[in-house]
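Residue-level structure breakdown
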Amino acid sequence: MSGLQAFFAQHAKKVQPKKHVVSKRFVDEKGNPIPWEFVPITAATDEKIRKECTNRVEVPGRKGVYMPEIDFDKYLLKVTVASIKYPDLNNAELQDSYGIQGAENLLQTMLLPGELAEAKRVAQEVNGFDVSFDDLVEEAKN
């Protein structure tokens, strides 16, 4: 297959969910760490999250002139939450067990700082943000 047909939906490779142990503190009945499941978000979901995390900030020294500024920490947390398929962070019973409401608050309460950083790293990887521009240049050279 060549040409335009290679881009048809039925020919696109499906991205498989990624299972990854985010924390060794959550274990099954045998004491084995339970892997979390991450899935990519759509570009439309990403745009919605990006808009939610963007504020208008006045440009210093230029009265009435504003620039968009993204709260990257908030954005990354929301992308991470949207990418986690298991455990279900929107589950009311799970949230109640921590005395928390909201998936983002739950994730920040459940995980230690290093574990949260690992979850964010995996979410970025699943969503294609793991390849740097330098890596792409090297790949193109080969």
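How each quantity is defined
- Residues numbered from 1 in each chain as written.
- Predicted model: local features only at pLDDT ≥ 70, side-chain atom pairs only at ≥ 80, totals over all residues.
- Heavy atoms only, no water.
- Helix = DSSP H or I, 4+ residues; strand = E, 2+ residues; numbered from the N terminus.
- Rg over C-alpha atoms; globule rule 2.2 N^0.38 Å.
- Buried < 20%, exposed > 50% of the residue type's maximum accessible area, 1.4 Å probe, protein only.
- Contact = heavy atoms within 4.5 Å.
- Axes fitted to C-alpha atoms, helices over the stretch in contact; angles between N-to-C directions.
- Parallel < 35°, antiparallel > 145°, perpendicular 65-115°, else oblique.
- Nonpolar A, V, L, I, M, F, W, Y, C, P; charged D, E, K, R; others polar.
- Phe/Tyr/Trp six-rings, centres within 6.5 Å; stacked < 30°, edge-to-face > 60°.
- Lys NZ or Arg CZ within 6 Å of the ring centre and 35° of its normal.
- Patch = residues over 30% accessible without salt bridge, like charges linked within 9 Å, V, L, I, M, F, W, Y side chains within 5 Å.
- Areas by Shrake-Rupley, 256 points an atom, 1.4 Å probe, with all protein chains shown as cover.
- Salt bridge = Lys/Arg side-chain N within 4 Å of Asp/Glu carboxyl O.

A word on the overall build of the protein chain. Regarding its fold elements, the protein chain presents six helices and five strands. The order of α-helices and β-strands along the protein chain, N terminus first, is β-β-α-β-β-α-β-α-α-α-α. In terms of overall dimensions, the protein chain is more spread out than a globule: its C-alpha atoms have a radius of gyration of 19 Å, far above the 14 Å expected for 142 residues. Overall size of the protein chain, expressed as C-alpha extent along the three principal axes, is 55 × 50 × 30 Å. Counting every position in the protein chain, which comprises 142 residues, the buried fraction comes to 26%. Sequence separation of 24 or more characterises 48% of the internal contacts of the protein chain that already satisfy a separation of 6 or more.

At a minimum axis distance of 9 Å, the contact between helix α2 (residues 72-83) and helix α5 (residues 113-126) shows a crossing angle of 75 degrees. Judged by the angle between their axes, α2 and α5 are roughly perpendicular. Contacts from L76, L77, T80 and S83 in α2 reach L116, A119, K120, A123 and Q124 in α5. Here the residues of the contact of α2 with α5 are counted per class, giving five nonpolar, three polar and one charged.

Describing an aromatic ring pair means giving the distance of the ring centres and the angle of the ring planes. One pass over the full model with this rule turns up two aromatic pairs. Relative to Y75, the ring of F72 has its centre 6.2 Å away and its plane inclined at 40 degrees; by these criteria the two rings are tilted. Here Y75 and F72 lie together in helix α2, a separation of three residues that amounts to about one turn. For the cation-ring pair, R56 lies above Y66, with the distance from its terminal atom to the ring centre recorded as 4.4 Å.

This next bit is on a nonpolar patch on the surface. Side chains of L4, F7 and F8 sit close together on the surface and give an oily, nonpolar patch of about 380 Å² of accessible area. Counting through the fold element by element, L4 comes out in the segment before β1 (18-20).

So, about the environment of T109. Its place among the elements puts T109 in helix α4 (residues 103-110). Judged by relative accessible area, T109 falls into the partly exposed class, the value being 38%. With 97 residues separating them in the primary sequence, T109 and A12 have C-alpha atoms 37 Å apart. Dropping the residues within four chain positions of it, T109 is found in contact with Y98 and I100.

Glancing now at the pattern of salt bridges. Tallied over the full model, the rule gives 10 salt bridges. One salt bridge in this structure joins D46 and R50, with 3.4 Å as the shortest N-O distance. With D46 and R50 both in helix α1 (residues 43-52) and four residues apart, this pair spans about one turn of that helix. According to the relative accessible area criterion, D46 is buried, its value standing at 15%. What makes R50 partly exposed here is its relative accessible area of 35%. In this structure, E125 engages R121 in a salt bridge whose closest nitrogen and oxygen atoms are separated by 3.0 Å.

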